[in-house]
Amino acid sequence: MNVEELKDIYQKQNDVLSKYKHRILICGGASCHSLGSVSFKKIVEDVLAKYDLKDSVAVVNVGCLGLCGKGPLVKIEPEGIIYTNVSVENVADIVERHFVKRTPREDGVMRADDPFYRKQFYIVLKDFSNVDPADLNSYIAFGGYTALAKSLLEMSRQDVIEEVKKSGLRGRGGAGFPTGIKWETVSKQPSETKFVVCNGDEGDPGAFMDRSVMESMPHRLLEGMTIAAYAVGASQGFIYVRAEYPLAIERLSKAIRDARRAGLLGTNIMGTNFSFDISIRVGAGAFVCGEETALLASIEGKRGMPRQRPPFPAEKGLWGYPTLINNVETYANIYAIINNGGDWFASIGTQKSKGTKVFALAGKINNTGLVEVPMGVTIREMIYEIGGGIQGGKKFKAVQTGGPSGGCIPEKFIDLPVDYESLREVGSIMGSGGFIVMDENTCMVDVAKFFMEFCADESCGKCIPCRVGTVIMKDILQKITDGRATMRDYQNLKDLAYMVREMSLCGLGQTAPNPVLSSIMYFEEEYLAHINERRCIANVCEVKQFDVVNTYL
């Protein structure tokens, strides 16, 4: 496919779309898909055929519509009406009432201008509600692959890198390293063999941002990776995705096949002398494989364990060759930077944290789902405007960001802007985008124990501080919640947390103590109540009346 053919598909697709007065958009995200939305299209098309409406109403399976906790979702355009909790049993009635009887259902209806949607700003998630993830032409109809065409035909490799540097984009996988600097480092390596790798191994509990991008807009990821490969001089790419994401693997595999057939992957892409191809590597679900050197080892067929750095993957990565590795969300921003310019991207967000961030809203909040907001939005806006407030009108207690590597932020920081620097200042991190809200009935010791159990189970065992330290910390937290701990245990817990953080080999161990340290920093009274008063302030833990003195002394 050359650029003229790309323009031709774009025009023809939009000509077809313009003939319809309405579009029924069926959410195909994993949540809605698993609840039955995959069956809706046939039912809806039968209803439209029955009333001779097929020529005026289009039916499209699209990507994630965001409000996952109220799915399955069906959106009707141009009205901007979103029907929630749709089922196989009621979808026909919804269509009949909306288009035939003209008595639309009023319960369970949201509009596109609801605060949940109105406060968001879409770059990564843009057109999720328009594009069929399984249709290459649908992606092209909404501007897909124009950034790749621009990069290959109008820009030098260095031009692309300079634009990414100018944008201020930082890696969305958690560390926040400047993307343009990483790209430039790989491009300058004196090697004819280089690789581009996408980290799609999203293992944080409660996180599903990258999963949604891979399922909803697979071609956006392929386009970003191909532009990156052109910029750094790579000819082979890998997407590393966990086996627990079968829908993402299915749609990515089809997208790769379609892109190859269209000449958007493979040799002489778009008629140029640039060649690049992508393969999928399916991981077994080890959390440590989200760490880049462990991920690379897994791709090489070795056990997924981290290695000492330097050298960094940009210098010596896959099979010893320079390797660019970014996560899904990072690559999904590239199309917009190339199309709109680095200055445009840099104008969004805060001084040091540019652009937007995708979060998975979860926990004790009314609107759970996938959201994208400008960097700098406050925690209050996230919870009470986008999230719709706390379930049951209860009091907000804390939010946990960054998954098992992050920290717990208390209510007193509710007006904190969400960006890399602000979160770090209060003892948490951005991470990949988990945003778990907790209410007044949450025990923070129990929360710390949950995350420490996760980290202890997921430790690869290579370094002693992480392998042994996380297990001992988990055991101490269990003693505290059981009412068996002493103040000596508590001091040991704190000492171990600092030791594990300072002495572990990789990011998993270095950040594993964060939930413990942050909860001690802001909720120490809950630890002390468990130890000294044998009671759980939140009434969550079954604290036993345990005779510590006679048992241990």
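In what follows, the structure referred to is the one given above.
The numbers attached to residues start from 1 for each chain and follow its sequence in the written order. Where local features are concerned, this predicted model is filtered to residues with pLDDT of at least 70; where side-chain atom pairs are given and counted, the filter is 80 or more; whole-chain, interface and lining totals use all residues. Computation of side-chain values: all heavy atoms of the structure, hydrogens and water removed.

### Some details on unusual backbone geometry
Most of the time, phi is negative for any residue but glycine, and the peptide bond is trans. Quick reminder of the rule: Note on conventions: DSSP H or I runs of at least 4 residues are helices, E runs of at least 2 residues are strands, and numbering of each starts at the N terminus. Relative accessible area decides the class of each residue, using a 1.4 Å probe on protein chains only: under 20% of the type maximum gives buried, over 50% gives exposed, and in between gives partly exposed.
Residue Pro-78 is bonded to the preceding Glu-77 through a cis peptide linkage, with omega at 10°. By the element assignment, Pro-78 lies in the loop between β3 (74-77) and β4 (81-83). Even without a glycine there, the phi angle at Tyr-145 is positive, about 70°. Within the secondary structure, Tyr-145 is located in the loop between α6 (136-141) and α7 (146-154). On the basis of relative accessibility, which here comes to 1%, the residue Tyr-145 falls in the buried class.

### Looking at the sheet that holds strand β2 (residues 57-62)
Rule in force here: We treat two strands as partners when DSSP finds at least two bridges between them. Here an axis means a line fitted to C-alpha atoms, over the contact stretch when the element is a helix, while the angle between two N-to-C directions is reported on a 0 to 180 degree scale.
Ordered in space as β2-β1-β3-β4-β5, the five strands form an open sheet in which the pairing is mixed. The open sheet is flanked by β2 and β5 (109-111), the only strands paired with a single partner. The average angle at which neighbouring strand axes cross in this sheet is 25°, direction not considered. Sheet topology note: the strand β1 (residues 22-27)/β3 ladder contains four bridges and is antiparallel. Within β3, the position partnered with Leu-25 by the bridge is Lys-75.

### Topic: the nonpolar core
Selection rule: The term nonpolar core refers to a set of buried residues drawn from Ala, Val, Leu, Ile, Met, Phe, Trp, Tyr and Cys, joined through side-chain atoms within 4.5 Å. Contacts are assigned to residue pairs with any non-hydrogen atoms lying within 4.5 Å of each other.
In this structure, Tyr-145 and Trp-183 are the most contacted members of the largest nonpolar core, which totals 75 residues. With nine residues, the single largest contributor to this core is helix α11 (residues 218-232). Contacts of Tyr-145, omitting those with residues within four sequence positions, involve Leu-6, Leu-136, Tyr-139, Ile-140, His-219, Leu-222, Glu-223, Ala-259, Leu-264 and Met-270. Counting 45 residues, the second largest nonpolar core, distinct from the first, contains Val-377, Ile-409, Val-437 and Phe-451.

### Describing helix α3 (residues 40-50)
Owing to its 3.6 residues per turn, the α-helix aligns residues three or four sequence positions apart on the same side. Inclusion rule: The directions from the helix axis to the C-beta atoms form the arc being described.
Residues of α3 that are buried: Phe-40, Val-44, Val-47 and Leu-48. Looking straight down α3, one finds that the buried residues subtend no more than 100° of arc, so they occupy a single side. Those residues of α3 that are exposed and angled more than 90 degrees off the buried face are Lys-42 and Lys-50. Along its buried surface, α3 packs onto β1, β2, β3 and α4 (91-99).

### What to know about the packing of aromatic side chains
The condition is simple: Only Phe, Tyr and Trp rings are paired, with Trp represented by its six-membered ring, and only when their centres lie within 6.5 Å; those with planes under 30 degrees apart are stacked, over 60 edge-to-face, the remainder tilted. The rule is short: NZ of Lys or CZ of Arg within 6 Å of the ring centre and within 35 degrees of the ring normal puts a charge over the ring.
Here the structure, examined in full by the defined rule, presents 14 aromatic pairs. The interplanar angle of 75° and the centroid separation of 5.0 Å between the aromatic rings of Phe-287 and Phe-454 together place this pair among those described as edge-to-face. Of this pair, Phe-287 sits in the loop between β8 (277-283) and α13 (292-299) while Phe-454 sits in helix α18 (residues 444-458), and the two are 167 residues apart along the sequence. Residues Tyr-490 and Tyr-527 carry aromatic rings whose centres are separated by 5.8 Å and whose planes lie at 40° to one another, so their mutual orientation is tilted. Of this pair, Tyr-490 sits in helix α20 (residues 487-503) while Tyr-527 sits in helix α22 (residues 514-532); the two residues are 37 residues apart in sequence, bridging distant segments of the chain. Each member of the pair, Tyr-490 as well as Tyr-527, is classed as buried. Grouping aromatic residues by their ring pairs yields a cluster made of Phe-195, Phe-238, Trp-319 and Tyr-321. Of note, Lys-357 hangs over the ring of Phe-359, and the distance from its end group to the ring centre comes to 5.5 Å.

### Things to note about the pairing of strand β10 (residues 356-363)
Counting buried positions along β10 yields seven of eight residues, so the element is predominantly enclosed. The sheet contact formed by β10 and strand β11 (residues 369-374) spans six bridges and is antiparallel. Along β11, the bridge assignment pairs Val-358 with Glu-372. As consecutive antiparallel partners, β10 and β11 are separated by five residues. Pairing of β10 with strand β14 (residues 434-439), which is carried by four bridges, proceeds in the parallel orientation. By the bridge assignment for β14, Ala-360 is matched with Gly-434.

### Examining a nonpolar patch on the surface
Under the convention used in this document: Patches were defined on residues exceeding 30% relative accessible area and lacking a salt bridge, with like-charge contacts within 9 Å and nonpolar side-chain contacts (Val, Leu, Ile, Met, Phe, Trp, Tyr) within 5 Å. All accessible areas in this document rest on Shrake-Rupley with a 1.4 Å probe, and a residue is counted as covered only by the protein chains that are shown. Whenever a carboxyl oxygen of Asp or Glu lies within 4 Å of a side-chain nitrogen of Lys or Arg, that contact is scored as a salt bridge.
A surface patch of nonpolar side chains, about 240 Å² in accessible area, is lined by Ile-464, Val-468 and Ile-472. Examined against the element boundaries, Val-468 turns out to sit in helix α19 (residues 464-482).

### Regarding the packing of α20 against α22
To keep things clear, this is the line we draw: Any angle that falls under 35 degrees is termed roughly parallel, while one over 145 is termed roughly antiparallel, one within 65 to 115 roughly perpendicular, and all others oblique. Any residue outside Ala, Val, Leu, Ile, Met, Phe, Trp, Tyr, Cys, Pro, Asp, Glu, Lys and Arg is labelled polar, Gly included; the first ten of those are nonpolar and the last four are charged.
Closest axis-to-axis distance for the α20/α22 pair is 11 Å, and the angle between their directions is 175°. Classed by the angle they form, the pair α20 and α22 counts as roughly antiparallel. Between α20 and α22, the contacting residues are Met-487, Tyr-490, Leu-493, Lys-494, Ala-497, Tyr-498 and Arg-501 on the first element and Asn-514, Val-516, Leu-517, Ile-520, Glu-524, Tyr-527, Leu-528, Ile-531 and Asn-532 on the second. Broken down by class, the residue content of the contact of α20 with α22 amounts to eleven nonpolar, two polar and three charged.

### A few points about the sheet that holds strand β13 (residues 407-410)
Strands belonging to one sheet form pairs held by backbone hydrogen bonds; the direction of such a pair is parallel or antiparallel. The strand order across the open sheet built from five strands is β11-β10-β14-β12-β13, with neighbouring strands paired in mixed fashion. Bordering the open sheet on either side are β11 and β13, each of which pairs with just one other strand. When the angles between neighbouring strand axes are averaged without regard to direction, this sheet yields 30°.

### Concerning the state of the cysteines
Which entries qualify depends on this criterion: Criterion for a disulfide: a pair of cysteine sulfur atoms at a distance within 2.5 Å.
All told, the structure shown has zero disulfides when counted by the stated rule. Just so you know, Cys-455 is unpaired, no disulfide at all, and the nearest cysteine sulfur is the one on Cys-466, 7.5 Å from it.

### A look at the packing of α3 against α4
Stated precisely, the cut-off is as follows: Handedness of a crossing follows from how the near helix is turned relative to the far one, being left-handed for an anticlockwise turn of less than a right angle and right-handed for a clockwise one.
Where α3 meets α4, the axes come as close as 9 Å, and the angle between the chain directions of the two elements is 35°. Our pair here, α3 against α4, has a crossing hand that is right-handed. Facing α3, whose interface residues are Phe-40, Ile-43, Val-44, Val-47, Leu-48 and Lys-50, α4 presents Val-91, Ala-92, Val-95 and Glu-96. Partitioning the contact of α3 with α4 into residue classes produces eight nonpolar, no polar and two charged.

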